[in-house]
Amino acid sequence: MNKVWKFHNDVDTDQIIASQYLLLPDIEAMKQYTFESLDPDFAKKAQPGDLIVAGENFGCGSSREQAPSVLKALGIKAVIAKSFARIFYRNSINIGLPVIVCKDLYEHVEDGGQADFDLSAGTVTVDGQVFSCTKLPEYMQNILNAGGLIASLNKEEA
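Residues numbered from 1 in each chain as written. Predicted model: local features only at pLDDT ≥ 70, side-chain atom pairs only at ≥ 80, totals over all residues. Heavy atoms only, no water.

(A) Local environment of the packing of aromatic side chains. A full pass over the atoms with the stated rule returns nine aromatic pairs. Each ring, one from Phe-7 and one from Phe-35, has its centre 4.1 Å from the other, and the planes form 20°; the classification is stacked. Here Phe-7, found in strand 1 (residues 2–7), pairs with Phe-35, found in the loop between helix 2 (27–30) and helix 3 (42–45); they are 28 residues apart in sequence, far enough to count as distant. We classify Phe-7 as buried; its relative accessible area is 8%. (Phe/Tyr/Trp six-rings, centres within 6.5 Å; stacked < 30°, edge-to-face > 60°. Helix = DSSP H or I, 4+ residues; strand = E, 2+ residues; numbered from the N terminus. Buried < 20%, exposed > 50% of the residue type's maximum accessible area, 1.4 Å probe, protein only.)

(B) Summary view of unusual backbone geometry. Despite not being glycine, Asp-10 shows a phi value in the positive range, around 60°. Structurally, Asp-10 is set in the loop between strand 1 and helix 1 (13–16). Notably, Asp-127 is not glycine yet its phi reads approximately 50°, a positive angle. Along the chain, the position of Asp-127 falls in the loop between strand 6 (123–126) and strand 7 (129–132).

(C) Focus on the side chain of Ser-83. Relative to the helices and strands, Ser-83 is located in the loop between strand 3 (78–81) and helix 5 (86–95). Side-chain polar atoms of Ser-83 contact the backbone nitrogen of Asn-57, separated by 2.7 Å. (Polar contact = N/O pair within 3.5 Å; in protein donor to acceptor, adjacent residues only side chain to side chain.)

Written as structure tokens, this is what we have:
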């Protein structure tokens, strides 16, 4: 089981990682400020394997790749939302962060609750109830399993 962090609709990339932190030298330095405006202690409390569940349009705003990168650096297992901003979705797959559309989950999970996520099955289980999510095609799952698009392409060339 994985701990759930629940966020609202329209979480933008500036809420995920504020623009002033983009000047820091790398993702490791930036990750401590993840979701600072929504929960100043999020980065201290988040644990590897945790899940983010959100409403509509997660990752809207600017196209900064640092937004999904800080989530991955904190060990977030996946972001599961009703919908995603297109560029955030693509950036996430490119860096190897699973982003899954699941329309019905949001109302059935609580912040701090527990859920079991199965990427290959495309399901999330909460309190014994199984929610079907958009199952990623095999080639996208392979990209995620390889750690992102570049890692996947490098693996193919080897």
